[in-house]
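# Reading the structure
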Amino acid sequence: MGLGPGNSASPRVSFILPTYNRRDVLLHTLARVQGCGLAHDAFEVLVVDNASCDGTAEAVQDRFLSIHVLRQTTNRGPCAKNAALDVARGEFVVFLDDDSYPERGAVARMVEHFEANLRLGAAVFTTTLPDGSRECSAYPDVCIGCGTGFRRSALQAVGGLPEDFFMAAEEYDLSLRLLDGGWQVRAFDDLHVTHLKSPASRFPARIARLDARNNTLLAMRYFPDAWRIRYAAEWLERYRLMAVANGRRAAFWAGAAEGIARGLCGPRRPIGDAAFEQFAKVEQTCVRVAESVRVLGLRRILLADLGKNILAYRLAARRCGVEILAIADPRLGRRGMRFRGLPLMADADAARLPFDAVLVSNLSPVHAQLALDRWLSITDRPVLDLFEKGASACIKFRAAA
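Residues numbered from 1 in each chain as written. Predicted model: local features only at pLDDT ≥ 70, side-chain atom pairs only at ≥ 80, totals over all residues. Heavy atoms only, no water.

Let us look at the packing of helix H6 (residues 170-180) against helix H7 (residues 204-222). Two numbers describe how H6 lies on H7: the axes approach to 10 Å, and their chain directions differ by 20°. Of the possible angle classes, the one that applies to H6 and H7 is roughly parallel. In this structure, the crossing between H6 and H7 has a hand that is right-handed. Along its contact with H6, which presents Tyr172, Asp173, Leu176 and Arg177, the element H7 presents Leu218, Arg221 and Tyr222. Tallied by class, the residues present in the contact of H6 with H7 amount to four nonpolar, no polar and three charged. (Axes fitted to C-alpha atoms, helices over the stretch in contact; angles between N-to-C directions. Helix = DSSP H or I, 4+ residues; strand = E, 2+ residues; numbered from the N terminus. Parallel < 35°, antiparallel > 145°, perpendicular 65-115°, else oblique. Left-handed = near helix turned anticlockwise from the far one by under 90°. Contact = heavy atoms within 4.5 Å. Nonpolar A, V, L, I, M, F, W, Y, C, P; charged D, E, K, R; others polar.)

Following this line, the structure appears as structure tokens:
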């Protein structure tokens with residue numbers, strides 16, 4: 001089916017945007033969404049106003065007569081998108097932030113991806129920031145709030161965003177349920193969204209607290225028994241170091257305490273082993289590290305980046321009898337900082353160690369590419385991104401020219 005003129009009572013696509021006290025930013029975004037390239041009767045726009053007090057709802061209704069505004073009595077954060085799911089009429093639903101908008105033509109291509117793959121539950125957009133840099137989730141099979149399209153039947157099958165998260169890691173919660181339901185979550189290079197990442201309403205202390213709370217709760221709630229405590233502890237230590245580096249210790253500990261309490265006392269909804277492996281790629285990491293060791297004869301390695309899936313790389317090295325000399329991370333490589341007994345080092349310091357190869361220990365495609373490029377300019381020894389696009393079962397490696 002195409003996206004030309006159709007029945008205005010049943011648009012193919014529903015855009016859902018939550019907002020809170022960012023009237024001017026939202027109005028700019030809505031103007032760009034209106035120019036997405038679809039016929040006007042092929043889409044609808046639903047704005048969820050989180051009890052703004054800056055005249056947001058009135059401004060939208062004055063400027064855009066066709067846009068449906070759902071006023072909330074409290075600020076429900078990004079998870080307020082749920083309020084629009086029951087009234088959305090589109091076969092496909094696109095989640096945006098109030099400062100993100102799709103490139104013209106991207107949504108039509110999104111629909112083509114859904115039509116070509118009936119098991120596709122979420123199509124994740126490639127996100128570009130105003131400075132031209134990219135951002136994405138820390139895991140490849142996770143949707144992002146500022147630009148993901150969903151098959152509405154998939155959302156109906158697994159439910160919407162977690163109401164108890166408010167913000168931070170809510171996309172992980174939804175993605176895990178989609179994967180466990182047999183749906184695919186995939187990112188596409190031909191789907192583009194611009195994210196202005198407006199600074200208003202971004203409070204580092206709140207983010208530090210919610211990152212610790214929600215990621216702990218996520219692991220405790222959904223991960224299989226063999227992994228829930230290990231991942232919760234690993235993630236907590238990573239977020240603790242990040243909070244220390246940013247002067248947010250108190251916020252971290254408040255979030256950690258709440259996440260642990262909720263995780264221990266709240267309901268368990270563990271996903272299956274196959275869905276967990278699709279998400280965390282523990283066994284895939286072990287297989288690829290083992291193949292690298294066999295092909296290159298590795299004995300001592302550096303890990304590049306304290307990525308969110310660092311546990312899988314540490315386990316793989318242990319299984320293969322490979323020594324990890326250090327974790328090189330430009331954000332956290334301060335003198336004396338350690339992660340699980342491993343020194344965290346600046347790149348320049350780590351480069352002096354007697355390693356056989358550098359393994360990029362970051363599943364985020366954007367950050368993995370940055371780490372790969374960084375180390376290719378530093379060393380002439382092998383630099384491996386085990387999940388680089390196009391990599392086959394036969395491990396490839398790159399060395400600086």
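After that view of the structure, there is still more to cover.
A separate point is the packing of H7 against helix H9 (residues 249-265). Two numbers describe how H7 lies on H9: the axes approach to 7 Å, and their chain directions differ by 25°. Overall, the two elements H7 and H9 adopt an arrangement that is roughly parallel. Pair H7 / H9 crosses with right-handed handedness. Across the interface between the two elements, Ala205, Ala208, Arg209, Ala212, Arg213, Thr216, Leu217 and Met220 of H7 pack against Ala251, Phe252, Ala254, Gly255, Ala256, Glu258, Gly259, Ile260, Arg262, Gly263 and Leu264 of H9. Tallied by class, the residues present in the contact of H7 with H9 amount to 11 nonpolar, four polar and four charged.

For Arg151, the position within the fold is in strand E8 (residues 147-151). Although Arg151 lies buried, it forms no salt bridge, and the closest oppositely charged side chain, Glu91, sits 5.0 Å away as judged by the N-O distance. Leave out the neighbours within four places in its chain, and Arg151 touches Glu91, Phe92, Phe114, Asn117, Leu118, Leu120, Gly121 and Trp183. (Buried < 20%, exposed > 50% of the residue type's maximum accessible area, 1.4 Å probe, protein only. Lys, Arg positive; Asp, Glu negative; His and termini not counted. Salt bridge = Lys/Arg side-chain N within 4 Å of Asp/Glu carboxyl O.)

Right, let's get into the side chain of Asn50. By secondary structure assignment, the location of Asn50 is in the loop between strand E2 (43-49) and helix H2 (56-63). Not counting chain neighbours up to four residues away, the residues in contact with Asn50 comprise Pro18, Thr19, Tyr20, Gln72, Thr74, Asn75, Arg76, Gly77 and Ala80.

For the rest of this paragraph, the subject is unusual backbone geometry. The phi torsion at Asn21 lies on the positive side, around 55°, for a residue other than glycine. Following the sequence through the fold, Asn21 ends up in the loop between strand E1 (13-19) and helix H1 (23-34). A relative accessible area of 25% means that Asn21 is categorised as partly exposed. A positive phi angle is found at Ala169, which is not glycine, with a value near 70°.

Tallied over the entire structure, the rule returns 17 aromatic pairs. Consider the rings of Tyr139 and Phe279, whose centres lie 4.2 Å apart with planes at 20°: the pair is stacked. A residue pair is termed long-range when its members are at least 10 positions apart, and Tyr139 in the loop between strand E7 (134-135) and E8 and Phe279 in helix H10 (residues 273-280) qualify at 140 residues. Assigned by exposure class, Tyr139 and Phe279 land together as buried. (Phe/Tyr/Trp six-rings, centres within 6.5 Å; stacked < 30°, edge-to-face > 60°.)

Attention now moves to helix H4 (residues 106-116). Among the residues making up H4, those that are buried are Ala106, Val107, Met110, Val111 and Phe114. The buried residues of H4 all sit within an arc of 145° when viewed along its axis, so they share a single face. More than 90 degrees from the buried face of H4, the exposed residues found are Glu112 and Ala116. Packed against the buried residues of H4 are E1, strand E4 (92-96), strand E5 (100-102), strand E6 (120-128), E8 and strand E9 (184-195). (Arc of directions from axis to C-beta.)

Okay, the nonpolar core next. One recurring pattern in soluble globular proteins is that nonpolar side chains are buried together. The biggest cluster of nonpolar side chains holds 85 residues, and the ones touching the most others in it are Ile16, Leu174, Leu178, Phe223, Tyr231, Trp235 and Phe279. At nine residues, the largest contribution of residues to this core is made by helix H8 (residues 225-245). In this structure Phe279 touches Tyr139, Val142, Tyr172, Leu176, Leu179, Phe223 and Trp235, once residues within four positions along its chain are discounted. Listed in part, the 34 residues of the second largest apolar core include Leu30, Ala59, Val60 and Val94. (Core = buried A, V, L, I, M, F, W, Y, C linked by side-chain atoms within 4.5 Å.)

Read from one edge to the other, the open sheet built from six strands follows the order E12-E13-E11-E10-E14-E15, with strand pairing classed as mixed. Every other strand in the sheet has two partners, leaving strand E12 (338-339) and strand E15 (383-384) as the edge strands with one partner each. The strands touched by helix H12 (residues 310-320) are strand E10 (300-304), strand E11 (323-328), E12, strand E13 (342-345) and strand E14 (357-360); relative to E11, the strand with the most contacts, the crossing angle is about 160°. (Pairing = 2+ DSSP bridges.)

Further remarks concern H2. Those residues of H2 not exposed but buried are Thr56, Ala57, Ala59 and Val60. Looking straight down H2, one finds that the buried residues subtend no more than 165° of arc, so they occupy a single side. Residues of H2 that are buried sit in contact with E1, H1, E2 and strand E3 (68-71).

Assignment of secondary structure puts Thr74 in the loop between E3 and helix H3 (82-85). Residues Thr74 and Ala51 lie 23 residues apart in sequence; the distance between their C-alpha atoms is 5.3 Å. Other than its neighbours up to four places away in sequence, Thr74 contacts Asn50 and Ala51.

Inspection of every chain in the model, using the stated rule, returns 28 salt bridges. The shortest N-O distance in the salt bridge between Arg12 and Glu115 comes to 3.3 Å. Highlighted residues: Arg12 in the segment before E1 and Glu115 in helix H4, separated in sequence by 103 residues. With a shortest N-O distance of 3.3 Å, Arg213 and Glu258 are connected by a salt bridge. Of the two residues, Arg213 is situated in helix H7 and Glu258 in helix H9; the sequence distance between them amounts to 45 residues. Its relative accessible area of 6% is what places Arg213 among the buried residues. One network of salt bridges, with partners in common, ties together Asp164, Asp173, Arg177 and Arg221.

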